[in-house]
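# Working through the structure, step by step
Below are the chains, spelled out letter by letter.
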Amino acid sequence: LDLSMTVGCDGNYWLASAVTGQLWKVDPATAQPTLIGSMGHKITGVVAYGDTLYGAGGQGDTGFYRIDMDTADTTMVGSYGPALPWVNVVAMSFDEEGTLYASLNYNPGPAGSTVLADWSDLATIDTRTGTVTNLGNITGPSALRRQSMNALVIAPTQCPAVVPPPMVPPPPPEPAGDAGVPVPANSALALAWLAISMIALAYVSRRRLRR
């Protein structure tokens, strides 16, 4: 029950251990893991969205983290908040709109505790602050009372669409004036040239008619 795994949008599998604090990248074709490094925290759940890997602490670690896929270094986004009790495992999955859902597993409790929680809870996690909002119990058949959920998935895996930047058409070429200097079509100089050309054309036409 120590390992958590997620499928990344890059096609790789990412595997984390809460006990050792290590992160691996797993080749989906061969199942061969490659050790990335130590995360330095008890990450009980990992989830990928786009090119970002997130980790949720547990077993006394109440932090929500971003994890560097190249080095396994973690950056704390924030804490779950003071209202959240002891959590053993946090399993996570994104929905198609980018909302992060999580199951909160409370069993077993902290060392020395003999109290088992009735059910796991369903929650959302704010990826900007790490704040957990508890939505309530995940209930089911009575045979599952005090049996904790250790995994959560919303299928199929959703990856954010990459939107290309809008294409900006080049500006139209400007007409050239004297010495190749661009002259705006509606400028005073352009209108003056037009007037002179029309006067000259009228003068030539009148002389031809007199002949």
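Here goes a summary of the coordinates provided. (Residues numbered from 1 in each chain as written. Predicted model: local features only at pLDDT ≥ 70, side-chain atom pairs only at ≥ 80, totals over all residues. Heavy atoms only, no water.)

## Quick word on the nonpolar core
In this structure, Phe64, Val90, Met92 and Ile125 are the most contacted members of the largest nonpolar core, which totals 18 residues. Among the secondary structure elements, those contributing two or more residues to this core are strand E6 (52-57), strand E9 (89-94), strand E10 (100-105) and strand E11 (120-125). Beyond its immediate chain neighbours, meaning those up to four positions away, Ile125 contacts Phe64, Val90, Met92, Leu100, Ala102, Gly130, Thr131 and Val132. (Core = buried A, V, L, I, M, F, W, Y, C linked by side-chain atoms within 4.5 Å. Buried < 20%, exposed > 50% of the residue type's maximum accessible area, 1.4 Å probe, protein only. Helix = DSSP H or I, 4+ residues; strand = E, 2+ residues; numbered from the N terminus. Contact = heavy atoms within 4.5 Å.)

## Points about the side chain of Ser17
Structurally, Ser17 can be placed in strand E2 (residues 13-17). A polar contact is formed between the side chain of Ser17 and the side chain of Asp2, at a distance of 2.6 Å. In terms of polar contacts, Ser17 uses its side chain to reach the backbone amide nitrogen of Val19, at 3.4 Å. (Polar contact = N/O pair within 3.5 Å; in protein donor to acceptor, adjacent residues only side chain to side chain.)

## Some thoughts on the sheet that holds strand E7 (residues 63-67)
Spatial strand order, E5-E6-E7-E8: four strands in an open sheet with antiparallel pairing. Either end of the sheet is taken by a strand with one partner, and the two such strands are strand E5 (43-49) and strand E8 (74-79). Strand after strand, the sheet turns through a mean of 25° between neighbouring axes, direction not considered. Pairing of E7 with E8 involves five bridges; the strand directions are antiparallel. In the strand pairing of E8, Ile67 is matched with Thr74. (Pairing = 2+ DSSP bridges. Axes fitted to C-alpha atoms, helices over the stretch in contact; angles between N-to-C directions.)

## Some points on unusual backbone geometry
The residue after Asn107, namely Pro108, is reached through a cis peptide bond having omega -5°. Position of Pro108 relative to the elements: it lies in the loop between E10 and E11. If you check the backbone angles, Gln59 has positive phi at about 55° while not being a glycine. Within the secondary structure, Gln59 sits in the loop between E6 and E7. Judged by its relative accessible area of 26%, Gln59 falls in the partly exposed class. For Arg146, which is not glycine, the phi dihedral falls at a positive 65°. Assignment of secondary structure puts Arg146 in the loop between strand E12 (132-138) and helix H1 (188-210). Take Arg146: its relative accessible area is 49%, and that puts it in the partly exposed class.

## Some thoughts on the environment of Leu100
Position of Leu100 relative to the elements: it lies in strand E10. Residue Leu100 is classed as buried on the basis of its relative accessible area of 1%. Once the C-alpha coordinates of Leu100 and Ala123 are considered, the two residues, 23 residues apart in sequence, prove to be 8.5 Å apart. Apart from residues no more than four positions distant in its own chain, Leu100 is found in contact with Val47, Phe64, Met92, Ser93, Phe94, Ala123, Thr124, Ile125 and Thr127.

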